[in-house]
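These are the residues of each chain, in order.
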Amino acid sequence: MNTIRLGDIAPNFTAWSTQGGFDFHEWLGTDWGMLVSHPADFTPVCTTELGTMANYSKEFEARNVKVAAISVDPLDSHFEWIKDIEETQNAMVRFPLIADHDREVSELYGMIHPNDDATMTVRSVFIIAPDKRVKLILTYPASTGRNFDELLRVIDSLQLTQYEALATPANWKNGEDCVILPSVSNEEAEERFPKGFETVKPYLRLTPQPN
Ligand code: BEZ
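Residues numbered from 1 in each chain as written. Predicted model: local features only at pLDDT ≥ 70, side-chain atom pairs only at ≥ 80, totals over all residues. Heavy atoms only, no water.

## A look at the pairing of strand β6 (residues 123-128)
Two faces belong to every sheet, and in a regular strand the side chains alternate between them. Most of β6 sits inside the fold, with six of its six residues counted as buried. The pairing of strand β3 (residues 32-37) with β6 spans four bridges and is antiparallel. Bridge pairing links M34 to I127 in β6. Note: β6 against strand β7 (residues 134-140), six bridges, orientation antiparallel. From the neighbouring strand, F126 faces β7, where its bridge partner is I137. In textbook terms, the turn of a hairpin is the stretch between consecutive antiparallel strands, and for β6 and β7 this stretch comprises five residues, one of which, K132, has a positive phi near 75°. (Buried < 20%, exposed > 50% of the residue type's maximum accessible area, 1.4 Å probe, protein only. Helix = DSSP H or I, 4+ residues; strand = E, 2+ residues; numbered from the N terminus. Pairing = 2+ DSSP bridges.)

Pasting the structure below:
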């Protein structure tokens, strides 16, 4: 199994998807990306997840995040299943559903955990920055559907770090105070954060969310 760690360049791959031939890096372009694996087509939790992902498409677009899903099912199965997702979840699936029947991509990304289940992918999430570096990795079991509000929350946090030199505290929600990165000096913080900041401890400085 390949081990991908935070900070690595997300491995490139080519595959077939419901949106046609797919070169991962080319498709990402200069946007952020989110690649999620689902265990299998025509399964209940996956059906709700991919419907939710489709219904959140405007939220992902607003954050310049391209989303794609993958499983080891073949393309004809994906196309049939999308009809069910759209029917039952009141959703339009416009993102690519990658067909990885030969498991090449699933193995490349370590999405099959054989001691859990050798035949299906687990629920992996990879969030990738515009420089193609992996910024977040999550793994959920097949029986637990992911929380897409949490995925938006972490994207907001990652983008605050990338663009504003801010971190986010425990249970942070969009709009709440952020933490100034330790690498930012007080002098720099004064310039960067015109709304000001509170020094709770020299290492814990809070500032209103700038955006
Ligand atoms: C599901 O998507 O519902 C599911 C898939 C595999 C195992 C358990 C649940």
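Still more to cover.
## Digging into the site of the ligand
Every residue near the ligand is listed here: P39, T43, P44, V45, C46, M120, R123 and A142. A distance of 3.0 Å is found between an oxygen atom of the ligand and a side-chain nitrogen or oxygen belonging to T43. With respect to the ligand, the backbone of P44 contributes an N or O atom lying 3.2 Å from an oxygen atom. For the ligand, whose unbound accessible area comes to 260 Å², protein coverage reaches 78%. Examining the composition of the shell around the ligand, we find that three residues originate from one element, helix α2 (residues 44-55), more than from any other. (Near = heavy atom within 4 Å. Polar contact = N/O pair within 3.5 Å; in protein donor to acceptor, adjacent residues only side chain to side chain. Areas by Shrake-Rupley, 256 points an atom, 1.4 Å probe, with all protein chains shown as cover.)

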